[in-house]
Amino acid sequence: MVGFDDIDLVAGLLTSRSYFMNALSVRGQTTVENSTAEKAQTAATGTVIASLAPQDVRRRMEETLRANASRPLFTGMAQEAPEVLPHVYSSSSVMQGGSLSQFGSKYALPLGTTRHNYEEYEEVIIPPAKVVPPRQSERLISVSELDELAKGSFPGYSSLNRIQSIIFPTAYGSNENILVCGASSCCGKTDVAMLTILRVLNQHRSPISPSSPLHSSINRSDFQIIYVAPMKALASEIVRKLGKRLKWLSIQVTMQLTKSEIAETQIIVTTPEKWDVVTRKPTGEGELASKLKLLIIDEVHLLNEERGAVIETIVARTLRQVESSQSVIRIVGLSATLPNYLDVADFLCVSRYKGLFFFDSSFRPIPLEQHFIGVRGKSGSARSKKNLDRVTYEKVSELVQQGHQVMVFVHARKETVKAAQALKDAATIDGTLDDYSCEEHPQWSFFRRSIGESRNKEMKQLFDVGFGIHHAGMLRSDRNMMERMFEARAIKVLCCTATLAWGVNLPAHAVVIKGTQLYDSAKGSFVDLSVLDVLQVFGRAGRPGLESRGEGYICTTEDKLAHYLDSVTSQNPIESRFTSGIENALNAEISLGTVTNADEGVRWLGYTYLYVRMRKNPFLYGQFFEAPFYHSMSWDNVAEDPQLGQKRNTLVLIAARKLAGAGMINLTEKTGAFSTTDLGRIAARYYIRYASIEVFNKEFKPKMTEADALSMLSMSTEGETDTSQGKVGILLQSYISRLPVEDFALVSDTAYVAQNGGRIARALLDIAISRKWARVATVFMGITKAIEKRLWPFDEPLRQFDLKAEIIYGLQNSREEYSPAELASMTPAELGELVRLNERHGQALRNAARQFPSVKMTSSLRPLGSNVLKIAVSVTRDFDWSFKVHDSGEPFWLWVEDHEGIEILQFTHLLFRESTKFLDVNFVVSISSNIPPPYFTVRFMSDRWIGAEDELHVSLDELVMPAPSPSHTPRLDLPFLSRSSLGLPVLEDLYSARLHDFNAIQTQVFWSLINTSMNVLVSAPVSSGKSLMGHLAIWTTLLRRSRSSLVLFIVPNRSLATQSLLDFRAISNGLGVTVEFASGEGLFASCRTKTIRVVTPSGLLEAVGQYNLRHTNYPSLVVCDNLEQLDATYELSISLLRHTTQNSPTRYVGLSSSLNDPTDIASWLGVDTMALHSFRPTDRDQSLTITYQTFTIPHSAALFKSMSKPAYTAIQSVPSNESAIVFVPSRSHCRTVAQELITQCALNMETERGFLPQSVPPLYVEDYSARLQDPTLVDFVTRGVGIFHSGLSKADRNLVLGLFAEGVVRVLLAPRDACWMLPVRAAAVVVMGTQYVHLERDGSGPQLRDYSLVDVVQMQSRAVRHDAPGHFFLFCQAEARDIFSKFLADGLPLESEVLESSVFEHWYRARRRDGSIRNKQDAVQALSFTLLARRLVSNPVYYDIEAGSQNEVLSRIVDRLEESLP
């Protein structure tokens, strides 16, 4: 079909009608003659080639008309009536439906549109729309009718306008999502947004007394409101408007997204890209999203432009958050007129009958006549420019002669002056310059004097002839003056840039857009003016209350005329641009953890505008399916798969494969599972495009110079498309060097390159560190800070302070070069002389040098095995703190690199606070047993300050690593011994319920423990039954003795002692054995019966420290349990007991978790080689699966937010009837993680029961939860989640444990320190993070510490079950994985802590005072019974002592002790 849009073609066809008729006839005859088959088919189907002869055409038309006339008016069949929506207001019946044909055909131009052709240009004039008469139900709402809250927020208003009055009941009286499609920017859509904001404020008020001010009733910390505006200029205007009108309620409005601003602000106005960045973060700034109650998106019709993909992303993320958190987030969309507004309403989840409001141009306060002018000539040619100048002058001159004011909009600051000058020159030539003069204005003389004070020469000259200029590069005072003069009609023509349309509400009768080509620094080339800008400029046409109509002119090139005509008059539907950025959006969701597989990706796409339009216009979107998944989409696809599940799945997989190919995600093809990588996480965090990552993958190398790094940075697709790589590099270097740039386009380019360069450099720095490339990381650290500070790394570092220029000049021109540390050590007088100034300047320089971040570093080596070395680094702050200079903290990087400076072995990111005096950091690295490196380098680098760097060489020349341990015992394949092997029927009966057969490890150690009197050490995996064997050794020892005897059972702490007492007393009643807890002198008191005394190391140390110990009743057996927790008190107490009982027949049995080298422990306890049983952790009988998952996010709330989805997945990996234990660093984490897990459960299982099993009725849980003393636990328990820690009452702890044992509570959360008091096990144990914050008692501030390996092993033991397999999930930092995996597989390292503790020093001083140790020989003799004596010989470097014999090293230790005596 050929319609009126192609009227020229129609005219041509009619003119050559006979030619085309003959040609078609000949073609038909040829076809019939040459194809017998086709002739047969024609006969069979009845298809005849129609004749185009005039008489044949007329005959067919008459037949058709007669057939139509004979058709009955009433068919008897009901036809579906068109949908009539209650809030669609339009003067055109065509727009009422708001839908388009399946072919996406255009709507006709409005009635009355005229088209004129001239030699220089073509003009299309669209008349103003007819006003839609008010409906009977309509009335203007008076502000006096509003409540106190709303009334005070509309100062100066007598009533709401017509549009606002229509929307008011929905906006202020409900929580419905709203879409407002308005005719222009002056219809009051901002006030509609204000009504929805006031609705939120009203919902977050508390009751107050009548005398209290209204603002005191608002709970400001309970909500956040986000207003998304497309441009910074508009955002600034919104901040100004809202801030001014809500100031009386103490509501803060800002554009800043810093943590402090977010915490203090209730309304944040931002751009789509900034909000996308914020919501990509799990927490921190991303926590803003968790308090979000209202999201206002201005100019929603941007969906049709390149930035539309970002709007789709943030809306989809918000809708998913509403679903996952079951929170209420209201979405309000404000838009220009849209043809397919129903699609946008569906996308925003807006009810068509309640929240959709459509107003066409007839609702403009001032009717607008629109002129679309296409000038002749090729775009950019001299002819085109000449015609553009001419038509602009003609239209402006015509309007001025009619007495109107005109705004002429251009697209560069310099063009404002050029355009005004061109108009002035043309008017001079034409003899009409007097028409522009405003000298007759009553205030002209006053304004003339005011403008005389300005330094803007062009502005003065142009004012005299009635012209003005306005752009953002002018002084604020000059701009204000121009605005006042134009408003007072003292200027006839104002030449300005689009910032005036966005930032200031300054209407004129007519607006003229001169040209539609503007420079885009993001693309490095000229682009078309956006439709958004055109609509905003047209919104300034017409003076409300003063004129009956306005006029808008857009002067473009001939080839762009149809584009702007279609777009501005809303003839074409707006389509989704999401496919252009789907890879970046998908990577962000995978990084955030909201999309972990293809199915979730399909659901995520279902929230996008792309999904809505794919169903409406499938032909357009079929092209996005690439090979080998290319499928043309049609209505058949939609009919077969209405939800387009397969198509969405294909789209997601195509994007995922691209991301996987770039190394941004891990993709499991078989299951469709996604997981992020360091590269993908960094790209999402820094908003780096997938295309840029592809470039980096090709160009990034482990060895790069600064020139290489700058070259790669310039290749990024973030900062250029048409702009060459060389240009980007030059602009970036000129920006750092602070070179002046004159050309406007280059100024714009430089600003854009600098803005993006810092962000991209940060991303590349993180990539280098994640890849552990030391040299490249150092280079990018320098480049990043150079861009941020606009200083090169070789510049004077004190230029970063606000020092006077003469001080910096004197410093740079001094004879010698001094570091900040050297300057800080000089006196003010010396510094004043150095810079050739006075002492006062010297003092300023000294203060700056003292505040320059610097540190002192020391290190010590601590071998943890034959090939594992711990480097203990202490970083001491060595600068004066100033909050003005350093703010709340100074971040820095600390890493260990190899001696060649190529590879980072371990790294950490730390923060100095004002209270921080020093930080201790431990790095654990592997050492080659063949040729160890000569040294390591510890590098300190400030994250913000150029020149704030230091390095420490850690020499390994004197390093002596301990020898590999040969003492591991292989687990033998022996038949399991039965319980009867004990040979004690009474004991067998007591253990009949708990023990049937001994397991493999118990069988192997049975003979040594039960049937010999040798000292024994059993080092075995956790939960392998070694404690039971220790208990049996005690019972057999007591039962086989005829007289009374004493057995000591030593445990590390009181909680384990309590548990041990319960275990012993459960058996002792049937054996006549006394069990008691003892300490002090009573520990070795005489026993009348067979006695077991449970004691802690501190109680034992107190007892063996008594002077008369030699006269007491020595124990026959001492069992040392949990030796893996050996500390200074434990070691010293056992050592003294061993020393005291060296001549008695006391037997020692040691029990511990698997150790990597138990040789010295065995020697210390006097264990013979035959009685040493050292098993590896992997020798356990029970099935235990260990899974490691690493994270690179620093210890923060963001880390635990990102861990919540993997933790949920781990819990769900075990059968639904099985339980799980989750360990977190602290009590405060228990509740936040519990809530996150419940949220994940709701999102994935679509149930509010959480983890509560289906078999458990809610009433049963409610009965138990009513007994909880802590009411905050109820919400968790009723969803199958329990919390356990020492801060809860004993009754609550027992109740939670009981519900966990019954299976009612399926997930139990506990802090790190509760692992030793938790008496239950689970099918899955998840350790969420292996770091915790430790607060020093000296007030030096919080320090981040790692979990001890012993704690991790204890947590692992909770997953070891005797009757079923267990699963242990360890979530840790990436650099810690190797350490945990090594020691969990090989056994724990165990060193003496005696020298690090004050307990030993106090004991030594006490013994010297009481004479127990009289001389050095006595001291050496006493110390020879310690584990320390043996480890000093085996691992001297760990204790910072030279290697030697035992007597030699102990002598040195005693010398140290003697020197410390007062």
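Residues numbered from 1 in each chain as written. Predicted model: local features only at pLDDT ≥ 70, side-chain atom pairs only at ≥ 80, totals over all residues. Heavy atoms only, no water.

Caption draft 1: Representation of the overall build of the protein chain within the structure. Helix and strand content of the protein chain: 55 helices and 42 strands. Of all 1462 residues assigned to the protein chain, the portion counted as buried reaches 54%. Of all intrachain contacts in the protein chain linking residues separated by at least 6 positions in sequence, the fraction that spans at least 24 positions is 72%. (Helix = DSSP H or I, 4+ residues; strand = E, 2+ residues; numbered from the N terminus. Buried < 20%, exposed > 50% of the residue type's maximum accessible area, 1.4 Å probe, protein only. Contact = heavy atoms within 4.5 Å.)

Caption draft 2: Unusual backbone geometry, seen in detail. Although it is not a glycine, Arg 790 adopts a positive phi angle of roughly 55°. Mapped onto the fold, Arg 790 is located in the loop between helix H32 (774-789) and helix H33 (805-812). Residue Arg 790 is classed as partly exposed on the basis of its relative accessible area of 28%. For Arg 836, which is not a glycine, the phi torsion comes out positive at approximately 60°. By the secondary structure assignment, Arg 836 is in the loop between helix H35 (828-834) and helix H36 (839-851).

Caption draft 3: Focus on the sheet that holds strand S34 (residues 1172-1174). What the seven strands build is an open sheet, ordered S30-S31-S29-S32-S33-S28-S34; its pairing is parallel. The sheet is open, and its two edges are formed by strand S30 (1074-1077) and S34, each paired on a single side. Strand after strand, the sheet turns through a mean of 15° between neighbouring axes, direction not considered. Both strand S29 (residues 1046-1050) and strand S32 (residues 1117-1120) contribute to a ladder of four bridges, which runs parallel. Bridge assignment links Leu 1048 to a residue of S32, and that residue is Val 1118. (Pairing = 2+ DSSP bridges. Axes fitted to C-alpha atoms, helices over the stretch in contact; angles between N-to-C directions.)

Caption draft 4: View of the nonpolar core. Leu 1032, Leu 1100, Leu 1237, Met 1328 and Phe 1368 are the most contacted members of the largest nonpolar core, which has 176 residues in total. Looking at this core element by element, the count peaks at eight residues for helix H45 (residues 1197-1212). Dropping the residues within four chain positions of it, Phe 1368 is found in contact with Leu 1184, Thr 1185, Ile 1186, Thr 1187, Val 1325, Val 1327, Val 1352, Met 1355, Gln 1356, Ala 1359 and Leu 1384. Within the second largest apolar cluster, 107 residues are counted, among which are Val 315, Met 704, Ala 768 and Ile 904. (Core = buried A, V, L, I, M, F, W, Y, C linked by side-chain atoms within 4.5 Å.)

Caption draft 5: Quick look at a nonpolar patch on the surface. Where nonpolar side chains cluster on the molecular surface, the patch consists of Val 1333, Leu 1335 and Leu 1344 and spans about 270 Å² of accessible area. One can find Leu 1344 in strand S41 (residues 1342-1346). (Patch = residues over 30% accessible without salt bridge, like charges linked within 9 Å, V, L, I, M, F, W, Y side chains within 5 Å. Areas by Shrake-Rupley, 256 points an atom, 1.4 Å probe, with all protein chains shown as cover. Salt bridge = Lys/Arg side-chain N within 4 Å of Asp/Glu carboxyl O.)

Caption draft 6: Representation of the confidence of the model for the protein chain in the model. Averaged over every residue, the pLDDT of the protein chain is 85; the share at 70 or more is 90%. Within the model, the stretch residues 93-105 combines pLDDT values under 50 with 28 contacts to residues more than four positions away or in other chains. (pLDDT = per-residue confidence, 0-100.)

Caption draft 7: Seen up close, the pairing of strand S15 (residues 510-514). By the criterion of burial, S15 is predominantly enclosed, with five of the five residues buried. Along S15, one buried face is formed by Ala 510, Val 512 and Lys 514 and the opposite face, lined by Val 511 and Ile 513, is buried too. Sheet analysis places strand S12 (residues 406-409) next to S15, joined by four bridges and oriented parallel. In the sheet register, Phe 409 faces S15, and the bridge partner there is Ile 513. Note: S15 against strand S18 (residues 550-557), five bridges, orientation parallel.

Caption draft 8: Quick look at the sheet that holds strand S39 (residues 1324-1328). Strand order in the open sheet formed by six strands is S35-S42-S39-S36-S38-S37, with parallel pairing between adjacent strands. Each of the sheet's edge strands pairs with one partner strand only, and the pair in question is strand S35 (1184-1191) and strand S37 (1281-1283). Adjacent strand axes in the sheet meet at a mean angle of 20° when their direction is disregarded. Here S37 pairs with strand S38 (residues 1307-1311) via three bridges, running parallel. Note that in S38 the partner of Gly 1282 across the bridge is Leu 1308. Packing against the sheet, helix H46 (residues 1227-1245) makes contact with strand S36 (1220-1224), S37, S38 and S39, and its axis sits at approximately 155° to S38. Packing against the sheet, helix H50 (residues 1349-1357) makes contact with S35, S36, S39 and strand S42 (1366-1373), and its axis sits at approximately 150° to S42.

Caption draft 9: Structural view of the packing of helix H7 (residues 189-203) against helix H8 (residues 232-246). Two numbers describe how H7 lies on H8: the axes approach to 12 Å, and their chain directions differ by 50°. One finds that H7 runs oblique with respect to H8. Classified by chirality, the crossing of H8 by H7 is right-handed. Within the contact between the two elements, H7 uses Thr 190, Asp 191, Met 194, Ile 197, Leu 198 and Leu 201 and H8 uses Ile 238, Leu 242, Arg 245 and Leu 246. Of the residues contributing to the contact of H7 with H8, the split by class is seven nonpolar, one polar and two charged. (Parallel < 35°, antiparallel > 145°, perpendicular 65-115°, else oblique. Left-handed = near helix turned anticlockwise from the far one by under 90°. Nonpolar A, V, L, I, M, F, W, Y, C, P; charged D, E, K, R; others polar.)

Caption draft 10: Up close: the pairing of strand S22 (residues 868-877). By the criterion of burial, S22 is predominantly enclosed, with nine of the 10 residues buried. Here strand S21 (residues 855-863) runs beside S22; their pairing, made up of nine bridges, is antiparallel. Paired with Leu 861 across the bridge in S22 is Ile 871. What sits between the antiparallel neighbours S21 and S22 is a turn of four residues. Direction of pairing for S22 relative to strand S25 (residues 918-926): antiparallel, over a ladder of nine bridges. Residue pairing across strands places Thr 876 opposite Phe 918, the latter belonging to S25.

Caption draft 11: Examining the packing of aromatic side chains more closely. What the rule picks out here adds up to 30 aromatic pairs. Look at Trp 444 and Phe 463: their rings are 5.7 Å apart centre to centre, the planes differ by 15°, and that puts the pair in the stacked class. Of this pair, Trp 444 sits in helix H15 (residues 444-452) while Phe 463 sits in helix H16 (residues 457-463), and the two are 19 residues apart along the sequence. What makes Trp 444 buried here is its relative accessible area of 15%. You can call Phe 463 buried: its relative accessible area is 0%. One aromatic cluster is present, formed by Phe 879, Trp 881, Phe 892, Phe 912 and Phe 940 through successive ring pairs. Taking NZ or CZ as reference, Arg 245 lies 4.7 Å from the ring centre of Phe 154, over its face. Here Arg 790 stacks its cationic end above the ring of Tyr 735, 4.1 Å away from the centre of that ring. (Phe/Tyr/Trp six-rings, centres within 6.5 Å; stacked < 30°, edge-to-face > 60°. Lys NZ or Arg CZ within 6 Å of the ring centre and 35° of its normal.)

Caption draft 12: Representation of helix H13 (residues 382-401). Between the first and last C-alpha of H13 there are 28 Å, a value that for 20 residues agrees with the 28 Å anticipated at 1.5 Å per step. When we look at burial in H13, the residues that qualify are Ser 384, Asn 387, Leu 388, Val 391, Thr 392, Tyr 393, Lys 395, Val 396, Ser 397, Leu 399 and Val 400. Remark: Gly 403 follows H13 within two positions and exhibits a positive phi of approximately 90°. (Expected span 1.5 Å × (residues − 1).)

Caption draft 13: Spotlight on helix H51 (residues 1377-1386). Within H51, the full set of buried residues consists of Ile 1379, Phe 1380, Phe 1383 and Leu 1384. For H51, the buried positions fall inside an angular range of 115° around the axis, keeping them on one side. Packing partners of the buried residues in H51 comprise S22, S25, S35, H50 and S42. Among the residues trailing H51, Gly 1387 stands out with phi positive, at a value near 115°. (Arc of directions from axis to C-beta.)

Caption draft 14: Inspection of the side chain of Gln 1373 at higher detail. Position of Gln 1373 relative to the elements: it lies in strand S42. According to the relative accessible area criterion, Gln 1373 is buried, its value standing at 9%. Looking at Gln 1373, its side chain comes within polar contact range of the main-chain oxygen of Ile 1193, at 3.0 Å. What Gln 1373 contacts, discounting residues up to four positions off in sequence, is Thr 1190, Phe 1191, Thr 1192, Ile 1193, Pro 1194, His 1195, Leu 1199, Thr 1330 and Gln 1331. (Polar contact = N/O pair within 3.5 Å; in protein donor to acceptor, adjacent residues only side chain to side chain.)

Caption draft 15: Region of the structure containing the packing of H33 against H36. Across the interface, H33 lies against H36 with an axial gap of 11 Å and an inter-helix angle of 80°. The angle between the axes of H33 and H36 places the two elements in the roughly perpendicular class. Across the interface between the two elements, Glu 806, Ile 807 and Leu 811 from H33 touch His 841, Ala 844 and Leu 845 from H36. Class assignment of the residues belonging to the contact of H33 with H36 gives a composition of four nonpolar, one polar and one charged.

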